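Summary of structural features
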Amino acid sequence: MTALHRGKTPRPATGSATSVVTTDLMEKSRIFFPEAHLSPELMAELAALGHEKLGFDNIMPLFSVCHESAALGCQVDWGDRYSMPSCRGKIANIEDDIKVREDFLQQPECQIPLKALNLLRKRYGNQVAIVGKVFGPWTLGYHIFGVQEFLIATLLNPAAVHQAINRLKLVTIRFAQAQIEAGADALCLADHATKDLCCPHAYQEFLQPVHQEFQEKLSCPLILHICGDTADRIPAISQTKIACFHFDSAVPADQARRLAGEKLALMGGTSNLNVIRKGSPEKIWDDVKEKLAAGIDIIGPECAVPLDSPSENLQFLASSVRLLRREKPG
Ligand SMILES: [Zn+2]
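Residues numbered from 1 in each chain as written. Predicted model: local features only at pLDDT ≥ 70, side-chain atom pairs only at ≥ 80, totals over all residues.

Quick word on the overall build of the chain
Tallying secondary structure elements over the chain gives 14 helices and ten strands in all. Relative to a compact globule of 330 residues, whose C-alpha radius of gyration would be 20 Å, the chain shows 19 Å and is just as compact. Viewed in the frame of its principal axes, the chain has a C-alpha envelope of about 60 × 40 × 35 Å. Within the chain, counting contacts between residues at least 6 apart in sequence, those at least 24 apart form 75% of the total. (Helix = DSSP H or I, 4+ residues; strand = E, 2+ residues; numbered from the N terminus. Rg over C-alpha atoms; globule rule 2.2 N^0.38 Å. Contact = placed C-beta atoms within 7 Å.)

Next up, the structure:
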């Protein structure tokens with residue numbers, strides 16, 4: 001929690017704002033997807049292994065991208081132990097004046113993670129950071145209107161996109177507040193405004209003010225998560241006063257640090273493909289060293305880890321953070 005504010009810590013922090021679950025971790029614990037998305041007890045148990053077995057300093061139980069979208073009425077394929085859930089199709093057109101159902105927080109898809117966060121809070125008290133996760137209006141827009149229609153509208157019908165974002169940001173705020181009340185210490189704010197799908201100007205026009213509003217309105221630190229190359233928008237992100245940015249290895253760590261400035265904490269940046277999934281111990285060790293040297297505040301994977309990654313690699317990453325610290329006392 002101190003590292004989220006770039007404060008001084010006894011050793012570097014290690015963790016992730018996104019899922020660290022792998023199929024082999026499920027096999028070892030006998031708790032599997034999709035059941036772990038749909039039962040508060042199983043969700044809490046499986047998420048806790050991120051701390052208990054892998055050695056990370058946080059626990060984050062919302063593994064998928066689907067909970068609030070499912071509660072809003074999107075069709076969800078909850079996947080299996082080898083695949084993550086995904087949202088299917090769309091439920092509205094961009095020009096529709098969508099009404100968010102009043103009782104969406106009472107839907108089971110929201111209640112399950114809220115109860116899981118509460119179980120974790122009761123079990124761990126203040127021993128480990130409990131991190132929740134909400135999606136911002138850009139990602140919710142993909143799920144509600146379809147990726148293609150939403151992105152085309154950012155060019156052809158920006159007024160409709162602004163209207164949609166103003167409606168959908170209330171979903172983010174309400175689910176976030178409920179997660180804080182349930183016991184979350186910090187929240188991942190995932191909003192997939194990557195360079196491939198959103199130019200830096202669109203980030204500034206549509207999202208920067210909303211992300212700033214989230215951090216102003218919510219009473220816990222936010223960890224913004226955007227995959228892909230974000231170098232051209234990290235300075236804009238740092239202006240939102242969001243506490244931390246969970247960044248992708250597409251941006252080299254030292255460049256991310258330079259662009260983020262002094263205030264914005266950085267998490268992640270370790271390649272899921274080359275380091276977490278395929279990396280040797282030497283490669284993981286060198287990667288941790290590089291991230292520490294670059295001034296990354298919380299060391300861990302760049303995004304939800306591929307399910308077929310070896311969980312030993314995640315374990316080794318977390319223990320490398322501790323060992324490398326010990327090599328250089330003071
Ligand atoms: Zn991601």
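Following the structure, the description resumes.
Description of the packing of helix H11 (residues 253-260) against helix H13 (residues 281-294)
Packing of H11 against H13 leaves a shortest axis separation of 9 Å and a crossing angle of 20 degrees. What the angle tells us is that H11 and H13 run roughly parallel. As H11 packs across H13, the resulting crossing turns out to be right-handed. Seen from H11, the contacting residues are Ala 253, Asp 254 and Arg 257; seen from H13, they are Glu 290, Lys 291 and Ala 294. Grouping the constituent residues of the contact of H11 with H13 by class yields two nonpolar, no polar and four charged. (Axes fitted to C-alpha atoms, helices over the stretch in contact; angles between N-to-C directions. Parallel < 35°, antiparallel > 145°, perpendicular 65-115°, else oblique. Left-handed = near helix turned anticlockwise from the far one by under 90°. Nonpolar A, V, L, I, M, F, W, Y, C, P; charged D, E, K, R; others polar.)

Considering unusual backbone geometry
Going from Phe 33 to Pro 34, the amide bond is cis rather than trans, its omega being 0 degrees. Of note, Pro 34 is situated in the loop between helix H1 (23-29) and helix H2 (35-38). Phi is positive for Arg 30, which is not a glycine, with a value near 60 degrees. Mapped onto the elements, Arg 30 comes out in the loop between H1 and H2. Residue classification places Arg 30 among the exposed positions, given that 8 C-beta atoms sit within 10 Å. Of note, Lys 241 is a non-glycine position whose phi angle comes to about 70 degrees, a positive value. Turning to its location among the elements, Lys 241 is positioned in the loop between helix H10 (234-238) and strand E8 (244-247). Owing to 14 C-beta atoms within 10 Å, Lys 241 belongs among the partly exposed residues under this scheme. (Buried ≥ 20, exposed ≤ 12 C-beta atoms within 10 Å, placed from the backbone.)

Some words on the environment of His 192
Mapped onto the elements of the fold, His 192 is located in the loop between strand E6 (186-190) and helix H9 (200-217). By the C-beta count within 10 Å, which is 19 here, His 192 ends up partly exposed. With near-sequence residues (within four places) excluded, His 192 lies in contact with Trp 138, Thr 139, Tyr 142, Leu 197, Ile 226 and Cys 227.

Things to note about the pairing of strand E7 (residues 222-225)
Side chains Leu 222 and Leu 224 of E7 all project onto a buried face; the interleaved residues Ile 223 and His 225 project onto the opposite face, where all are buried too. Bridge analysis of E6 against E7 gives four bridges, and the strand direction is parallel. Bridge assignment links Cys 188 to a residue of E7, and that residue is Ile 223. With H9 bridging E6 and the parallel E7, this β-α-β connection has right-handed handedness. The pairing of E7 with E8 spans three bridges and is parallel. Along E8, the bridge assignment pairs Ile 223 with Cys 244. (Pairing = 2+ DSSP bridges. Right-handed = clockwise from strand over helix to strand, strands pointing away.)

Topic: the nonpolar core
One broad rule of soluble globular proteins: the nonpolar side chains tend to lie buried together. Membership of the largest hydrophobic core comes to 107 residues, with the highest contact counts inside it found for Val 131, Leu 187, Ile 223, Cys 244, Phe 245 and Leu 266. Residue contributions to this core peak at seven residues, all from helix H5 (residues 108-124). Look past the residues within four positions of Ile 223 in its chain and what remains in contact with it is Leu 4, Ala 17, Ala 186, Leu 187, Cys 188, Leu 189, Ala 243, Cys 244, His 246 and Met 267. (Core = buried A, V, L, I, M, F, W, Y, C linked by C-beta atoms within 7 Å.)

Looking at the environment of Cys 74
Relative to the helices and strands, Cys 74 is located in the loop between helix H4 (67-71) and strand E3 (75-77). Exposure remark for Cys 74: the 19 C-beta atoms within 10 Å place this residue in the partly exposed category. Taking the C-alpha atoms as reference points, Cys 74 and Ile 152, separated by 78 residues in sequence, lie 20 Å from one another. Among all residues touching Cys 74, those that are not within four sequence positions of it are Ser 69, Cys 87, Ile 91, His 143 and Ile 144.

Considerations on the packing of H5 against helix H8 (residues 158-182)
Running from N to C, H5 and H8 cross one another at 30 degrees; their axes reach a closest spacing of 8 Å. As far as their axial angle goes, H8 and H5 are roughly parallel. Here H5 runs over H8; the crossing is right-handed. Side by side, H5 and H8 meet where Cys 110, Leu 114, Leu 117 and Asn 118 of the first sit next to Phe 175, Ala 178, Gln 179 and Ala 182 of the second. Residue composition of the contact of H5 with H8, grouped by class: six nonpolar, two polar and no charged.

A word on H8
With 25 residues, H8 extends 36 Å between its outermost C-alpha atoms, agreeing within 8% with the 36 Å of an ideal straight helix rising 1.5 Å per residue. Every buried residue of H8 is accounted for by Val 161, Ala 164, Leu 168, Lys 169, Val 171, Thr 172, Phe 175, Ala 176 and Gln 179. At the C-terminal side of H8, Gly 183 shows a positive phi close to 130 degrees. (Expected span 1.5 Å × (residues − 1).)

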